[in-house]
Amino acid sequence: MLLQSILPSDLPEELIIQDVLDKAGLSDPESSGIPWNLKSVSRADHPKYRIPQAVKISNQILKQTFGDILRDHDLCLWKEWLQRSGIKETDRYRILYGTVFLPAMFNAGQLYHDQHLSEYAFHRWKHLQSPIPKILLRPFDHPEITSDYHHSKLGSIYQLRSYCEQSRCHDCLVLKKAI
């Protein structure tokens, strides 16, 4: 409901994008009064490029019936939404697939007692090989960590920051299982 109130579906997509950019203060940053700090933001990550992508994919999600979402046991809706939105499936969207879409489908299966959907989403998440940006992995490229396995698992950064970086080896379940 919140998404539908922000993105009225009866307007053309271009007007919705312009409206959201205006509300975010990105159409005219000097007069908006919103203090955006964009010093270290790369051109591709700039909100004025990301917001239109978010609006386009949100429109695709809103156009999908909930029944179709629950029947998507192959989990191909994500690729369809990206394709219909005109968004290329880059590493960023592969990461979103593993951190947003698959957990949402798992939870939908749990909520509506669809065991097959939950199990399939969990299986896909567990075996997902997602690229992790090198800038996030750079602090953890130590000689002590010899495995490249953490370069393709989405939970690696959390694991490394929470345990390795803080010298909490005694609490680390991964280390305990390895021993």
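Everything that follows concerns the structure shown earlier in this document.
Residues numbered from 1 in each chain as written. Predicted model: local features only at pLDDT ≥ 70, side-chain atom pairs only at ≥ 80, totals over all residues. Heavy atoms only, no water.

Chemist: It is not clear to me how the packing of aromatic side chains should be interpreted in this structure. Could you clarify?
Modeler: We describe a pair of aromatic rings using the distance from one ring centre to the other and the angle between the two ring planes. Applying the stated rule across the entire model yields seven aromatic pairs. Seen in terms of ring centroids, Trp-78 and Tyr-97 are 6.3 Å apart; in terms of plane orientation they differ by 50°. Their pairing is tilted. You can see Trp-78 sitting in helix 6 (residues 77-85) and its partner Tyr-97 sitting in helix 7 (residues 91-111), a full 19 residues away along the chain. Across the pair, exposure class does not vary: Trp-78 and Tyr-97 are buried alike. Among the aromatic residues, those joined into a cluster by ring pairs are Trp-78, Trp-81, Tyr-97 and Phe-101. (Phe/Tyr/Trp six-rings, centres within 6.5 Å; stacked < 30°, edge-to-face > 60°. Helix = DSSP H or I, 4+ residues; strand = E, 2+ residues; numbered from the N terminus. Buried < 20%, exposed > 50% of the residue type's maximum accessible area, 1.4 Å probe, protein only.)

Chemist: What is the right way to read the nonpolar core from this model?
Modeler: Ranked by internal contacts, the top residues of the largest apolar core, which has 18 residues, are Leu-75, Trp-78, Trp-81, Tyr-97, Phe-101 and Met-105. Where this core is concerned, the elements lending two or more residues are helix 5 (66-71), helix 6, helix 7 and helix 8 (115-126). The element contributing the most residues to this core is helix 7, with six residues. Among residues more than four places away in sequence, those in contact with Tyr-97 are Leu-75, Trp-78, Leu-102, Pro-103, Arg-124 and Leu-128. Val-20, Leu-26, Ile-51 and Val-55 belong to the second-largest nonpolar core, a separate cluster that totals eight residues. (Core = buried A, V, L, I, M, F, W, Y, C linked by side-chain atoms within 4.5 Å. Contact = heavy atoms within 4.5 Å.)

Chemist: Sorry if this is basic, but what is going on with the environment of Leu-77 here?
Modeler: Relative to the helices and strands, Leu-77 is located in helix 6. Separated by 24 residues in the primary sequence, Leu-77 and Phe-101 have C-alpha atoms spaced 9.5 Å apart. If near-sequence neighbours (up to four positions away) are discounted, Leu-77 is found in contact with Gln-64, Asp-68, Ile-69, Asp-72 and Phe-101.

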